[in-house]
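These are the residues of each chain, in order.
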Amino acid sequence: MSLLELKGVKVHFPVKKGIFFDRVVGHVYAVDGISLSVEAGQTYGLVGESGCGKTTLGRAVLRLNDITEGEVVFDGTDLASLPEEEMRRQRQRLQMVFQDPLGSLNPRQNIESILSEGMAAHGIGANQDERREKIKEILAKVGLPTNALARYPHEFSGGQRQRIGIARALVLEPDVIICDEPVSALDVSIQAQVLNLLEEIQDSMGLTYVVIAHDLAVVRHISDVIGVMYLGSLVEEAPSDLLYAEPKHPYTKALMSAVPVPDPEVEDNRERILLTGDLPSPANPPSGCRFHTRCPWKQDTLCATDRPELKDLGDGHRVACHYATEIAEGRLRRSGESVPATLPGPPSLTHEMHEMHEREEQEEQEERAVDTAQKVQKGQKGPGSGASGGDEPAPAREG
Amino acid sequence: MALLSVDELSITFTRRGQRDAKAVSGVSFDIDPGQVVGLVGESGCGKSVTSLALMGLLPDKGVRIGGTADYDGTDLLSLSKNRMRDMRGTQLAMIFQDPLSSLNPVVPIGVQVTEILKRHRGMKGEAARKEAADLLDRVGIPDPTRRLKEYPHQLSGGMRQRALIAMAVACAPRMLIADEPTTALDVTIQAQILELLKELVDQEGTGLLMITHDLGVVAGLCDKVNVLYAGRVVESAERRPLFAAPTHPYSHGLLGSIPRLDAPRGEKLNPIRGSINDNIEWADGCAFAPRCDYYTMECLTGTPQLTEPLTAGHQVRCVNPVVEGSTPNDDGDAGRAESAGEDAVGDARDGKSADIEKADTTEASS
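Residues numbered from 1 in each chain as written. Chains lettered and ligands numbered in written order. Predicted model: local features only at pLDDT ≥ 70, side-chain atom pairs only at ≥ 80, totals over all residues. Heavy atoms only, no water.

Let me state the cut-off plainly: UniProt positions are given in the numbering used here, feature names are shortened, and annotations may be inferred rather than shown by experiment.
An unreviewed UniProt entry lists chain B under the name ABC transporter ATP-binding protein, with Streptomyces tardus as the source organism. Checking UniProt for chain B, the heading Subcellular location (unreviewed entry) contains the comment "Cell membrane".

By the naming in an unreviewed UniProt entry, chain A is ATP-binding cassette domain-containing protein, taken from Streptomyces tardus. Heading Sequence similarities (unreviewed entry) of the UniProt record for chain A holds this comment: "Belongs to the ABC transporter superfamily."

Here you go:
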């Protein structure tokens, strides 16, 4: 059985208006029906762009946000329905490491006080001396000197502060740590130190992680299973290596192709899938598939009308896309892609429809090309006049 | 001929009663038309300060700037304020990191874009508005006439950055400085913006100085790369040789600490140890020595010079560069502190470890 299981979790924030009577005029659908399970000892990576609801989901597991609907089953108990005091006690086993290491540490408390507060609240250690011993042990584990105890958060560098945040979670001996963007505020060299530290303590203490991050490379590095989120729902879930080798959802494909790789050989030769436009507002999500407004593989049927469910394609690969198999088999091409010499796959109705769609698309593109040409001409007029304008100040410079 | 040629740029912040802080020293690089030159480094290495100095945006008091920045026969660093104002926009323009705080929140986008057209190109009224709409259209903002009337908060992050780029290219400058233009953006939006910058450089032959901490962005965009550490260029090379064989231990370490998307799961990262607070003064030796895996006693005999140890055009500031076959001297921190007990590193280390108090806030805020 999984250690942590989410079943149809929804977190909706009401949007209120009015001066005297707060009328609820709508909802922000931050998390909209997510089901996933995390095995003990595993690292589950949640990845997505800002505004996709990944942080809200992480906070919802700890009930730092109210859960609108759904169950969070942790070790057999449903956290969503627990009374507040029971939930508080459960938090000893479920800890969180926050994104902003300075903002999440009280500037007026010294490190000993920060680290022992949680222990006292959960009744760990009979007295402060015992707690201090335990804290010293953990500090050594996260690579901080013992003389840190009497110091204050501002005396530490960013990387050291994040280590304090990790130590604060560790002193309670939790089973699960939810890491919300644990390294995004840090420089790359420090990032690597903290990532290695997280892996070391996982091995030595048998922890289960849920790592929330926007950086796909970081998530892939540390996770066993990755869930990709888009606008409040999970669009794809797979074991780390499988997701990288065969991304099936169009959004995952685009996300992967957009992550820069520090290698010019790779960068020059890889195919980029550029998405158009921005993330739609979670207060007014698109109908059907949430991604259809930006999807390069969008089809005329289903995409705009029916919301795709997560389908299991085997090997723990779950994808929420109506046309995932067709895209994987190369039967659908994305708009703007060059037409291959031989068309793969047998022609089918969808295929013909797709061809029609493609033809329209091509015509549209030609139109666009003409437009761009005009635009470029216009653009050149700009720089042309700019150049003459640029030449004028030149004598002034000499003068 | 180079469009912009920076020679021995040094920037020192001074404050009465305190020691001078050398932010940048001896930085030199050239940018040709249509070339993208990268300045890479972690927070606090002096990359942003360099760009501000070139744009003449540093305050008059409390800063000492040395060296020259030759742009088309003019030294940018010695220009008067008024002359610099004429240069900005028409000759050089800058794209800032944070698009929200670089736009005026209470002025519509349209006014902010036309302001530049009015100031530098003498355009007025309807003509300026039309040109502004064309500019927004060129950088890929849909429905530009409506967007012109909107305020910055009504635009998304990517759109704001596009508006900033539109403002920067409004007068077709020959030189663009982009200071972390995509750091605040999501990866899919980052890919869009980088594509746009590439187009601008290719079509207009603009020179681009790209300042970033992201080696992935550099790998895809820059022609030449300068790696900065503690205010000095430690390695300078064409893009491909640099990534194929990073020769300075710092560049080597940086590349080793980045989790790569295409690396197999479970591959260990090789972080650079310590933090930027562990540096020693360049005057005493190599500033990177206390964090370096390849450090020898030779590293403490004064400032190392930029040399070309392997191939022409690949400059490295290191006496003991990483070449094929060299191994890190992994004697651990304790051994190192002992062996270096009497010299500068030992002193600097003791001094530093005694004042974590001064753990600088710049790194924290990064």
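Quick word on the domain arrangement of chain B
Frequently, the measure chosen for interface size is the accessible area that the parts lose on association. All names here are of chain B. What counts here: Residue ranges for the domains trace back to a domain assignment, done automatically or taken from a database. Contacts are residue-level and defined by heavy atoms, with any inter-residue pair within 4.5 Å sufficient. Accessible surface is computed with a 1.4 Å probe, and the buried area is the amount of it that two parts give up when combined, taken over both parts together. Salt bridges, as used here, are contacts in which a Lys or Arg side-chain nitrogen is within 4 Å of a carboxyl oxygen on Asp or Glu. As used in this structure description, the phrase polar contact means that two N or O atoms lie within 3.5 Å; if the pair is within protein, one of them must be able to donate a hydrogen and the other to accept it, and residues adjacent in sequence are counted only when both atoms belong to side chains. Working definition: helices are DSSP H or I runs of at least four residues, strands are E runs of at least two. Numbering for both runs from the N terminus. Classes in brief: Ala, Val, Leu, Ile, Met, Phe, Trp, Tyr, Cys and Pro nonpolar; Asp, Glu, Lys and Arg charged; the others, Gly included, polar.
Its domain assignment divides chain B into domain 1 (1-91 + 173-244), domain 2 (101-172) and domain 3 (274-365). A C-alpha centroid distance of 24 Å is found between domain 1 and domain 2. Contacts between domain 1 and domain 2 engage 17 residues on the former and 13 residues on the latter. Summing the contributions of domain 1 and of domain 2, the shared interface buries around 1,200 Å²; its carbon and sulfur component is 63%. Among the residues of domain 1 in contact with domain 2, Pro-173, Ile-193 and Leu-196 are the three that bury the most area, contributing 33% of the side total. In this structure, Arg-119 and Asp-86 form a salt bridge, with 3.1 Å as the shortest nitrogen-oxygen distance. In this structure, the connection of domain 1 to domain 2 is made through 5 residue pairs in polar contact (both at pLDDT 80 or more). At the level of elements, α2 (81-90) and α7 (187-204) are the ones that each hand at least two residues to the side of domain 1 that touches domain 2. For the side of domain 1 that touches domain 2, the element with the highest residue contribution is α7, accounting for 7 residues. Of the residues that constitute the side of domain 1 that touches domain 2, the class distribution is 9 nonpolar, 3 polar and 5 charged.

Considering the pairing of strand β9 (residues 224-229) of chain B
All names here are of chain B. Threshold: Note on exposure labels: buried denotes an accessible area under 20% of the residue type's maximum, exposed denotes more than 50%, and partly exposed covers the range between, all computed with a 1.4 Å probe on protein chains only. At least two bridges found by DSSP between two strands is the condition for calling them paired.
The buried fraction of β9 is high, at 5 of 6 residues. Here 4 bridges tie strand β3 (residues 36-40) to β9, and the two strands are oriented parallel to one another. The residue of β9 that forms the bridge with Val-37 is Lys-224. Connecting the antiparallel pair β9 and strand β10 (residues 232-238) is a turn made up of 2 residues, with Ala-230 showing a positive phi of about 50 degrees.

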